[in-house]
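# Structure at a glance
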Amino acid sequence: MNRLSAALGLVLAACLGGGSVGSLRAQDLDADPGARLRSVRAALRSTKRHERAEAFRRLEPLLASLDAAEKRDLVPVLVEVRARRSPLDGADATRALARLPGDKARAAWLEGLRGEGHPAVFRAALDAVVDQRASPESVRQLLGRARDPQVAAVDRALAIEALGLLDCGPARLLLARAAAPPGPTGREHWLLASGRALGLGRMGGEEALEPLVALLAHPHAAPRVHAWESLQELTGTRLPADARAWRRFLEARADPRAAVAARSPSEDRYRQVKPLHVPRYNGIPVDKPRSHVVFCLDVSQSMYGRGIDTARRQLRDVVTAFPTSYAFDVVAFNERVTPFAGELW
């Protein structure tokens, strides 16, 4: 009778919100990896974020006790979670996929390096690149995506940026020289050049400086801004986004006295430092460091024609000139209000 009362008490506690069924089971299933896995899979499909987060926490130590078939069966579950749930779930799923063996798991976490994905998922995929850089197959897949002209330019750019996390000769060689320019322009696509600038910043070292200075001469603003950011981060030096100024600085580095003079402030150290790069929207400076900006774009009938074309061009120009420390969203409005992302990216 006491056992029956205890069992009824557990059921009532679960039904009345005293705790999820998954958390109750976890106390009794520690000795059975198969049962624990079934419990985790059920919790991953929960509609409650805190239960899914707990499932990911329980999954990490469980992976070591699973056989190859059980790990393969987890791949579609994690892919489904990433596709249907929140960005935080997507990031957790991407990290979990990177710990699973096999081509399907590898292809799944590499999908996190896509332009249409959420920044949280992208950061998780970069973490996976770090974890997988000792895997020859993962390195080969990432290099292949970065080189493949059939891959969308934005996805190639993200793969090129991720190459900066690999400590291998082919990755360093690809980052040091421009990708093959598409079309008759003779210029590297601005998205690929931007990815290379960010990748060189992640790679670091003296060998990254010359290619970064060369990117300061790119005709598009985005590669110039990202190369300038990377140069400042790697050298600890504040100079404008001007190739000639940075070349003089690199030449001065050969002479320690000249290098010290170049980096010494010539004015009061407590002066207000003016930003060296100021994006502008329709002539309005966006000069606050680490700005968070929401653009409200009128897409009503009155804007059709030259008005909407001008607004789109100005919006494109300012967004591509933003440093990576800036965050923004776009809200289009007519009779309805439609956010682009619904959050600051």
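See the structure printed just above.
First things first, this report covers the structure right here in the doc. (Residues numbered from 1 in each chain as written. Predicted model: local features only at pLDDT ≥ 70, side-chain atom pairs only at ≥ 80, totals over all residues. Heavy atoms only, no water.)

## Comments concerning the overall build of the chain
Each helix and strand in the chain was counted, giving 17 helices and five strands. The buried share among the 345 residues of the chain stands at 41%. Within the structure as shown, the chain displays about 19900 Å² of accessible surface, and the carbon and sulfur contribution to it stands at 53%. (Helix = DSSP H or I, 4+ residues; strand = E, 2+ residues; numbered from the N terminus. Buried < 20%, exposed > 50% of the residue type's maximum accessible area, 1.4 Å probe, protein only. Areas by Shrake-Rupley, 256 points an atom, 1.4 Å probe, with all protein chains shown as cover.)

## A closer look at the sheet that holds strand S5 (residues 337–339)
Here we have three strands laid out as an open sheet, ordered S3-S4-S5, and mixed in their pairing. In the strand order of this sheet, the two ends are held by strand S3 (292–298) and S5, each with one partner. On average, each strand axis in the sheet is inclined to that of its neighbour by 20°, with strand direction left out of account. Relative to S5, strand S4 (residues 327–333) runs antiparallel, the two sharing three bridges. Across the sheet, the residue bridging to Phe333 is Val337, located in S5. Across the sheet, helix H17 (residues 306–320) lies against S3 and S4, angled at about 165° from S3, the strand it touches most. (Pairing = 2+ DSSP bridges. Axes fitted to C-alpha atoms, helices over the stretch in contact; angles between N-to-C directions. Contact = heavy atoms within 4.5 Å.)

## Regarding the pattern of salt bridges
Taken as a whole, this structure holds 20 salt bridges when the rule is applied. Sharing partners across several salt bridges, the network here consists of Arg49, Arg52, Asp89, Asp92, Arg95 and Asp127. (Salt bridge = Lys/Arg side-chain N within 4 Å of Asp/Glu carboxyl O.)

## Here we look at helix H11 (residues 169–176)
Those residues of H11 that fall on the buried side of the exposure criterion are Ala171, Leu174 and Leu175. Viewed along the axis of H11, the buried residues span an arc of 95°, placing them on a single side of the element. Each element contacted by the buried residues of H11 is listed here: helix H9 (136–147), helix H10 (153–163) and helix H12 (190–203). (Arc of directions from axis to C-beta.)

## Remarks on the pairing of S4
Taken across its seven residues, S4 has six buried, putting it largely inside the fold. Pairing geometry for S3 and S4, over seven bridges, is parallel. Residue pairing across strands places Leu297 opposite Ala332, the latter belonging to S4. Handedness of the S3-H17-S4 crossover: right-handed. In this structure, the hairpin formed by S4 and S5 is closed by a connection of three residues. (Right-handed = clockwise from strand over helix to strand, strands pointing away.)

## A closer look at the nonpolar core
Ranked by size, the top nonpolar core spans 64 residues in total, and within it Leu78, Leu113, Leu142 and Leu163 carry the most contacts. For Leu78, the contacting residues outside a window of four places in its chain are Leu44, Phe56, Leu59, Ala93, Ala96, Leu97 and Leu100. Counting 14 residues, the second largest nonpolar core, distinct from the first, contains Val286, Leu297, Met303 and Val318. (Core = buried A, V, L, I, M, F, W, Y, C linked by side-chain atoms within 4.5 Å.)

## Overview of helix H8 (residues 119–132)
An ideal rise of 1.5 Å per residue puts 20 Å on 14 residues; H8 measures up with 20 Å between its terminal C-alpha atoms. As for H8, its buried residues are in contact with helix H5 (68–84), helix H6 (87–97), helix H7 (103–110), H9, H10 and H12. (Expected span 1.5 Å × (residues − 1).)

## Observations concerning the packing of aromatic side chains
For the structure shown, the criterion picks out five aromatic pairs. With centroids separated by 5.1 Å and ring planes inclined at 65°, the aromatic side chains of Tyr281 and Phe295 adopt a geometry described as edge-to-face. Remark: Phe295 occurs in strand S3 and Tyr281 occurs in strand S1 (residues 280–281); sequence separation between them is 14 residues. Each member of the pair, Tyr281 together with Phe295, is buried. Consider the rings of Phe295 and Phe322, whose centres lie 6.1 Å apart with planes at 25°: the pair is stacked. Taken together, the residues span a long stretch of sequence, with Phe295 in strand S3 and Phe322 in the loop between H17 and S4 at a distance of 27 residues. Among the aromatic residues, those joined into a ring-pair cluster are Tyr281, Phe295, Phe322, Tyr326 and Phe328. (Phe/Tyr/Trp six-rings, centres within 6.5 Å; stacked < 30°, edge-to-face > 60°.)

## What to know about the environment of Gly164
Along the chain, Gly164 turns up in the loop between H10 and H11. You can call Gly164 buried: its relative accessible area is 8%. Each C-alpha atom, one on Gly164 and one on Val130, is 9.9 Å from the other, the two residues being 34 residues apart in sequence.

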